[in-house]
Amino acid sequence: MNTYRRFLLKLSGELLSGEKGFGIDWETLDWITEEIKETLNLGCQIGIVIGGGNFIRGIDSATHGIERKRADYMGMIATYLNAIAIEDFLEKKGVESKIYGSLGLRNALDTYDSKEVLSFLKEGRVTIFAGGTGNPYFSTDTAAVLKASELKANAVFKATKVDGVFDKDPAIHKDAKFLNQISYLDAIKMRLRVIDLTALSLAMELCIPIVVFNMKVRGNLKKVAMGEPIGTIIRDWEAV
Ligand code: UDP
């Protein structure tokens, strides 16, 4: 029996690029979709919010002179490339999935309808959300929290390349301590690089727990879904 029956998996574009650091690494996409399939087989209901940072991140591009709003639309469009690739790999593995986009790209995907999404999730189909919130100046982390709240998911799983949250940067400080759990407010105060501030404050407001974990370790997604103490859980510890 899994602890997290329904969750939103936030996959960064960076994860899909593997070691290349740009675009999609097909081998990486293959094992990531395999992990998703295995976790789905535990009986979980999985929505994926996909990032686009493997192609473009608005805030970085803006520093090179492109107008922020335009760069953000480019970033949102980039999430569609990843979404379509994930859908394809999942379907090849026999996992039915469906993409919903917040920007209109009607020929490729469906428009969002939360009732329909809920029934797909219950049928064991994976839903993939592209386009983030549909608004410039936001991130796909924020989209994941919004979707988790709307779909009454148990948590957002923030899949990263790091093990979770440390009290200080482990790349700089050898004595950095790993934190298994942390409150929203502490996470906000620490200005974590691993998840954006808007997403954190919204999660606090909406009481959505966020599990930050290392997706690169095979089997971790399943373990997190089963409630094993993997990664760092961000939630309101006083309220429980
Ligand atoms: N983006 C946006 N609004 C959103 C979601 C994303 O403008 O609601 C843009 C933004 O420029 C962002 C890019 O799309 O940098 C890619 O999304 P994100 O950075 O969240 O992707 P990740 O880093 O997780 O791959």
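No experiment lies behind these values; they were computed from the predicted model shown. (Residues numbered from 1 in each chain as written. Predicted model: local features only at pLDDT ≥ 70, side-chain atom pairs only at ≥ 80, totals over all residues. Heavy atoms only, no water.)

Student: Help me out: how do you make sense of the packing of helix α2 (residues 26-40) against helix α4 (residues 68-92) in this one?
Tutor: Packed helices, taken two at a time, are described by their axes: the angle between them and the distance between them. One can describe the packing of α2 onto α4 by two numbers: an axis separation of 9 Å at closest approach and a directional angle of 60 degrees. Taken together, the axes of α2 and α4 are oblique relative to one another. Here α2 and α4 pass one another in a crossing that is right-handed. Across the interface between the two elements, Trp26, Leu29, Asp30, Thr33 and Ile36 from α2 touch Ala85, Ile86, Phe89 and Leu90 from α4. Here the contact of α2 with α4 is built from residues that sort into 7 nonpolar, 1 polar and 1 charged. (Axes fitted to C-alpha atoms, helices over the stretch in contact; angles between N-to-C directions. Helix = DSSP H or I, 4+ residues; strand = E, 2+ residues; numbered from the N terminus. Parallel < 35°, antiparallel > 145°, perpendicular 65-115°, else oblique. Left-handed = near helix turned anticlockwise from the far one by under 90°. Contact = heavy atoms within 4.5 Å. Nonpolar A, V, L, I, M, F, W, Y, C, P; charged D, E, K, R; others polar.)

Student: Quick question: what am I supposed to make of unusual backbone geometry here?
Tutor: As a rule of thumb, non-glycine residues mostly have phi less than zero, and peptide bonds are mostly trans rather than cis. A positive phi angle, near 45 degrees, is found at Arg191, a position not held by glycine. Mapping Arg191 onto the fold places it in the loop between α7 (184-189) and α8 (197-206). A relative accessible area of 61% places Arg191 in the exposed class. (Buried < 20%, exposed > 50% of the residue type's maximum accessible area, 1.4 Å probe, protein only.)

Student: Please explain the nonpolar core as it appears in this structure.
Tutor: Generally speaking, soluble globular proteins have nonpolar side chains that are buried together. Formed by 39 residues in total, the largest nonpolar core has its most connected members in Leu9, Leu11, Ile36 and Phe157. With 7 residues, α4 is the single largest residue contributor to this core. Residues contacting Leu9, with those up to four places away along its chain left out, are Ile36, Ile46, Gly47, Ile48, Val49, Phe157, Ala159, Phe213 and Leu221. Listed in part, the 28 residues of the second largest apolar core include Val117, Phe129, Ala153 and Val165. (Core = buried A, V, L, I, M, F, W, Y, C linked by side-chain atoms within 4.5 Å.)

Student: I tried to follow helix α5 (residues 114-122) on my own but got confused; where do I start?
Tutor: One turn of an α-helix holds 3.6 residues; hence residues three or four places apart share an orientation. Among the residues making up α5, those that are buried are Val117, Phe120 and Leu121. An end-on view of α5 places all buried positions within 100 degrees of arc, on one side of the element. Those residues of α5 that are exposed and aimed more than 90 degrees away from the buried face are Lys115 and Lys122. Summarising the contacts, the buried residues of α5 are in contact with β1 (6-11), β2 (45-50), β3 (97-101) and β5 (126-130). The backbone nitrogen of Lys115 lies 3.1 Å from a side-chain oxygen of the residue at the head of α5, namely Asp113. Positive phi shows up at Gly124, right after α5, with a value of about 85 degrees. (Arc of directions from axis to C-beta. Polar contact = N/O pair within 3.5 Å; in protein donor to acceptor, adjacent residues only side chain to side chain.)

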